[in-house]
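# Descriptive analysis of the structure
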Amino acid sequence: MGSVFPIRVRRLTADGQLRVVYPGRVLEASPEGIVLEAYWERPPLDLGYTVLEPADRFVEYFFRDRWFVIYEIHHHQDNRLKGWYCDIIYPPRISEGEIEIRDLALDLFVTPAGEVLVLDEEEFEALGLRERDPSAYEAARSALQDLLKRVHRREHPFHQLPK
């Protein structure tokens, strides 16, 4: 596992506008990516299918060459799993001390019971990538399919799902 060290995550909108910056702690680093731990520091956010609350613990999986990030969300009081929120993104820019991601609006939420919700497809289509950047559009759609396959096959971190 190695030593744990601090890192900063910068989340940008698809067009490059800064959305939020937050601190994390790197738990694992490899040539494939980084796993970090962070805590929800914003007010409660009711997403309709789960509520993000102050001090909820996030284990975040960033992959250097993938068009998605996986956030494993744990309840702040008892550490029970709330689910996985997956963002479709441009591949992250990972440097020493910082990860920068550009969100492509398309999301996936997986409940602890294995229910899968594809989210924000209208927002994603409204970005106009199909016309402006067809290769990014196809990569994003492919990333969603990759995530769905990972959930179905119970690949890490979805190995915790019931069979």
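Residues numbered from 1 in each chain as written. Predicted model: local features only at pLDDT ≥ 70, side-chain atom pairs only at ≥ 80, totals over all residues. Heavy atoms only, no water.

## Some details on helix α3 (residues 134-152)
- Compared with the 27 Å implied by 1.5 Å per residue over 19 residues, the 27 Å span of α3 between its first and last C-alpha is a close match.
- Regarding α3, the residues found buried are A136, Y137, A139, A140, A143, L144, D146, L147, R150 and V151. (Helix = DSSP H or I, 4+ residues; strand = E, 2+ residues; numbered from the N terminus. Expected span 1.5 Å × (residues − 1). Buried < 20%, exposed > 50% of the residue type's maximum accessible area, 1.4 Å probe, protein only.)

## Side note on unusual backbone geometry
- Backbone torsion omega between H156 and P157 reads 5 degrees, so that peptide bond is classified as cis.
- In this fold, P157 is placed in the segment after α3.
- With phi around 65 degrees, N79 is a residue other than glycine that occupies positive phi space.
- Looking at the secondary structure, you find N79 in the loop between β7 (68-74) and β8 (81-89).
- The backbone phi angle of A105 is positive, close to 75 degrees, even though this residue is not glycine.
- Tracing the backbone through its elements, the reader meets A105 in strand β10 (residues 98-110).
- Overall, the relative accessible area of 10% leaves A105 in the buried class.

## Examining the pairing of strand β3 (residues 33-39)
- For β3, the buried fraction is high: six of the seven residues fall into the buried class.
- As paired strands, strand β2 (residues 18-29) and β3 are joined by four bridges and run antiparallel to one another. Each residue of the ladder has a partner; that of A29, found in β3, is I34.
- Hairpin connection, β2 to β3: the antiparallel pair is bridged by three residues.
- Where β3 and strand β6 (residues 57-63) come together, seven bridges link them in antiparallel fashion. By the bridge assignment for β6, G33 is matched with F63. (Pairing = 2+ DSSP bridges.)

## Thoughts on the pattern of salt bridges
- Counted by the stated rule, this structure contains 19 salt bridges.
- Close ionic contact of R93 with E100 constitutes a salt bridge, the shortest N to O distance being 3.3 Å.
- Judged by its relative accessible area of 11%, E100 falls in the buried class.
- Where E125 meets R130, a salt bridge forms, and the shortest distance between an N and an O atom there is 3.2 Å.
- Assessed through its relative accessible area of 31%, E125 is described here as partly exposed.
- Judged by relative accessible area, R130 falls into the partly exposed class, the value being 46%.
- Through salt bridges with shared partners, a single ionic network connects R8, R10, R93, E98 and E100. (Salt bridge = Lys/Arg side-chain N within 4 Å of Asp/Glu carboxyl O.)

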